[in-house]
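Given next are the chains, with one letter for each unit.
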Amino acid sequence: MSEIKLVRIYEHEQPSGYRILVDRLWPRGMSKVNAKLDEWDKQMGPSTELRKWFNHEDEKFPEFKKKYIAELEQNDFTPTFIKTVKEQLKKQDVLFLFGAKNTKHNQAVVLKEYVESKL
């Protein structure tokens, strides 16, 4: 069975699968050619205000998670995104690519958990 995998876009060794960048901002220093994306769904990233407030501070993560899920619930693109992920999972793994250094406390972690709860 295929699964959603979280992958830091800067990692040299990357699994194969359907590649979706889920950051609102393009990762610094990453060329579009090297990224080899199938999609860039910047609409699925947290709002600029929420991203700046969180500032990748671990102690804010629980509150960030609540606020980001609320944004996902209100996001008009969320149903389409979930449908795309569901369709791709029938064929292959889906990679949620992100740029954050912290691999445990970032929006991709929240998004993966959220999408899995809706599948």
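Refer to the structure above for everything that follows.
Structure report, in brief. (Residues numbered from 1 in each chain as written. Predicted model: local features only at pLDDT ≥ 70, side-chain atom pairs only at ≥ 80, totals over all residues. Heavy atoms only, no water.)

## Topic: the pattern of salt bridges
Under the defined criterion, the tally for this structure stands at six salt bridges. Where E57 meets K60, a salt bridge forms, and the shortest distance between an N and an O atom there is 3.6 Å. Overall, E57 belongs to the partly exposed group, its relative accessible area being 25%. Of the residues examined, K60 reaches a relative accessible area of 22% and is grouped as partly exposed. (Salt bridge = Lys/Arg side-chain N within 4 Å of Asp/Glu carboxyl O. Buried < 20%, exposed > 50% of the residue type's maximum accessible area, 1.4 Å probe, protein only.)

## Overview of the nonpolar core
Counting 25 residues, the largest nonpolar core has I20, F81, V85, F96, L111 and V115 as its most contacted members. Secondary structure elements with two or more residues in this core: β2 (18-21), α2 (48-54), α3 (61-74), α4 (78-89), β4 (94-98) and α5 (107-118). If one sorts the elements of this core by residue count, α5 sits on top with six residues. Residue contacts for F81: discarding those within four places in its chain leaves I20, V22, D41, M44, F96, L111 and V115. In this structure, V7, L21, L95 and L97 belong to the second largest nonpolar core, which totals seven residues. (Core = buried A, V, L, I, M, F, W, Y, C linked by side-chain atoms within 4.5 Å. Helix = DSSP H or I, 4+ residues; strand = E, 2+ residues; numbered from the N terminus. Contact = heavy atoms within 4.5 Å.)

## Some thoughts on the layout of surface pockets
Its volume calculated, the largest pocket comes out at about 550 Å³. Along the wall of the largest pocket there are 20 residues; nearest its centre are D23, L25, R51, H56 and A100. It is α2 that contributes the most residues to the lining of the largest pocket, three residues altogether. Partitioned by chemical class, the residues of the lining of the largest pocket number eight nonpolar, five polar and seven charged. (1 Å grid on protein atoms, 1.4 Å probe; cavity = no way out; pocket = protein on both sides within 12 Å on 5 of 7 lines; lining within 4 Å. Points joined across faces, edges and corners; volume = space filled by probe spheres on them. Nonpolar A, V, L, I, M, F, W, Y, C, P; charged D, E, K, R; others polar.)

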